[in-house]
Amino acid sequence: MAARIQQSPQPGGGKRKGKAQYVQAKRARRWDGGGPRQLEPGLQGILITCNMNERKCVEEAYSLLNEYGDDMYGPEKFADKDQQPSGSEGEDDDVEAALKKEVGDIKASTEKSLRRFQSVESGANNVVFIRTLGIEPEKLVHHILQDIYKTKKKKTRVILRMLPISGTCKAFLEDMKKYAETFLEPWFKAPNKGTFQIVYKSRNNSHMNREEVIKELAGIVGSLNSENKVDLTNPQYTVVVEIIKAVCCLSVVKDYMLFRKYNLQEVVKSAKDLSQLNPKQAAQTGNGKEAKLESGDKSSRNDPAEGKNNQQVVPENSEELGPTGSISETHVVNEGVAKHELASQVTEGSESNENDL
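This is a predicted model, so every value here is computed, not measured.

S.K.: Can you walk me through the side chain of Q236 in this structure?
M.R.: Among the secondary structure elements, Q236 is positioned in the loop between β7 (229-230) and β8 (237-244). For Q236, the side chain forms a polar contact with the side chain of Y237, separated by 3.1 Å.

S.K.: Hey, could you run me through the pairing of strand β3 (residues 127-132) in this one?
M.R.: If a strand is regular, its side chains alternate between the two faces of the sheet. Among the six residues in β3, six count as buried, and that is most of the element. Both strand β1 (residues 45-50) and β3 contribute to a ladder of five bridges, which runs antiparallel. Across the sheet, residue G45 finds its bridge partner in β3, namely R131. In this sheet, β3 lies alongside strand β2 (residues 117-120) in antiparallel orientation, the contact comprising four bridges. In the strand pairing of β3, S119 is matched with I130. Hairpin remark: β2 followed by β3, antiparallel, with six residues in the connecting loop; positive phi at G123, about 95°.

S.K.: Even after reading the chapter, I still don't get the sheet that holds strand β6 (residues 195-203), so can you show me in this structure?
M.R.: Sheet strands pair via backbone hydrogen bonds, and the direction of the pair is either parallel or antiparallel. Overall, mixed pairing links the five strands, which are arranged β5-β9-β8-β6-β7 in an open sheet. If you trace the sheet from one side to the other, it starts and ends with β5 (167-170) and β7, each paired once. In terms of strand pairing, β5 meets strand β9 (residues 247-253) through four bridges, oriented antiparallel. Of the residues in β9, the one forming a bridge with K170 is V247. Packed onto the sheet, helix α7 (residues 210-224) meets β6 and β8 and runs at close to 150° relative to β6.

S.K.: Help me out: how do you make sense of the nonpolar core in this one?
M.R.: Note on soluble globular proteins: their nonpolar side chains tend to be buried together. The biggest cluster of nonpolar side chains holds 34 residues, and the ones touching the most others in it are I48, L65, L140, I144, M162 and Y262. The contacts of M162, once residues within four sequence positions are left out, are I46, L47, I48, L64, L65, V141, I144, Y262 and L264. The next biggest cluster of nonpolar side chains, apart from the first, holds 28 residues, and it includes F188, V213, V239 and L250.

S.K.: I'm lost on the packing of aromatic side chains in this one. Help?
M.R.: By convention here, two paired aromatic rings are described through the distance between centres and the angle between planes. The tally for this structure, following the rule as stated, stands at seven aromatic pairs. Note on F188 and F196: the rings are 5.7 Å apart at their centroids and 65° apart in plane angle, and the pair reads as edge-to-face. For F188, a relative accessible area of 0% puts it in the buried group.

S.K.: What's the story with the sheet that holds β1 in this structure? I'm lost.
M.R.: Within the open sheet, the four strands sit side by side as β2-β3-β1-β4. Their pairing is antiparallel. The two strands at the open ends of the sheet, each matched to only one other strand, are β2 and β4 (159-165). The sheet shows a mean angle of 25° between the axes of neighbouring strands, direction not considered. Helix α2 (residues 54-73) contacts β1, β2, β3 and β4 of the sheet and is inclined by roughly 35° relative to β3.

S.K.: Is there a simple way to explain helix α5 (residues 173-183) in this structure?
M.R.: Residues that lie three or four places apart on an α-helix share one face, since the helix turns once every 3.6 residues. Inspection of α5 places L173, M176, A180 and F183 among the buried residues, and these make up the whole buried set. Along the axis of α5, the buried positions cluster into a sector of 95°, meaning they face one direction only. Turned more than 90 degrees away from the buried face of α5 sit E174, K178 and T182, all of them exposed. Next to the buried residues of α5 lie β5, α6 (185-188), α7, β8 and β9.

Cut-offs applied
Residues numbered from 1 in each chain as written. Predicted model: local features only at pLDDT ≥ 70, side-chain atom pairs only at ≥ 80, totals over all residues. Heavy atoms only, no water. Helix = DSSP H or I, 4+ residues; strand = E, 2+ residues; numbered from the N terminus. Polar contact = N/O pair within 3.5 Å; in protein donor to acceptor, adjacent residues only side chain to side chain. Buried < 20%, exposed > 50% of the residue type's maximum accessible area, 1.4 Å probe, protein only. Pairing = 2+ DSSP bridges. Contact = heavy atoms within 4.5 Å. Axes fitted to C-alpha atoms, helices over the stretch in contact; angles between N-to-C directions. Core = buried A, V, L, I, M, F, W, Y, C linked by side-chain atoms within 4.5 Å. Phe/Tyr/Trp six-rings, centres within 6.5 Å; stacked < 30°, edge-to-face > 60°. Arc of directions from axis to C-beta.

Take a look at the structure:
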């Protein structure tokens, strides 16, 4: 608690309270949990966009994630505050070993106090990052969207998009290449394969070149298995690249087009609602056609009527307010199999969509 600051008496016998005396206490109350306070490399979680009201967005996110988190993983278990970390029995004459044990006990106690979901500073306006612990973000978010898609029941008011983040690293090209080589293996390394697209966005970052990033990631996917092919119409996997300041967030998601780019406001709309849109709006919500929901690990089949070489960049239908800083989105287009072919087939001249968070 901050020490009170003595104020000189004011005319009339009253005392004027200084603002500084409450600042430290307010900041202390703002963060009462363990773990990192802001988005940094090494975290997993869920990136959520909203329109202006970030506090309400966090409240909705906690409610929604706890509801479905309890459904998938059971109720969250809390550590007993009176329970002390257990140490080894007996005395240890080795001071260094005793110190290591004490540090281990402190870490174990901290891990027990961490919550399953914890909001941290994202580093961008209208963006909320919920750090997750002990769950798989991509499975949880897919479960949420699948349920909302089937029931058409609107459960949020200010949350727009909800993207799982399975891994984070430093937002420098060499760091991203090294990290992606291992990160992408579960989905694309032989014998695994699939159709894919790459979605890139950058916020409050000016040193990364989107074409460079896309080419490198496409080359990595191609090198893992030459049978990996690009498909914008109905890809089996969508590689999501979200860069905020000096942190790169990565994930590989399914049913990206079916779930309207993981937009909770759009996914509740029925086919009838979409048919009432004008042609331009219909194209923005996914080329006006429904994709088939994946079952298990089976890959989605392409609709021949859609065409194999669709080079259209599909923007969001729901209007979102962009934060301060550059925002861009790029898709990999045209089918290819070899590493150099995939790298050379990046969309050229695609414009950034400033209304798409």
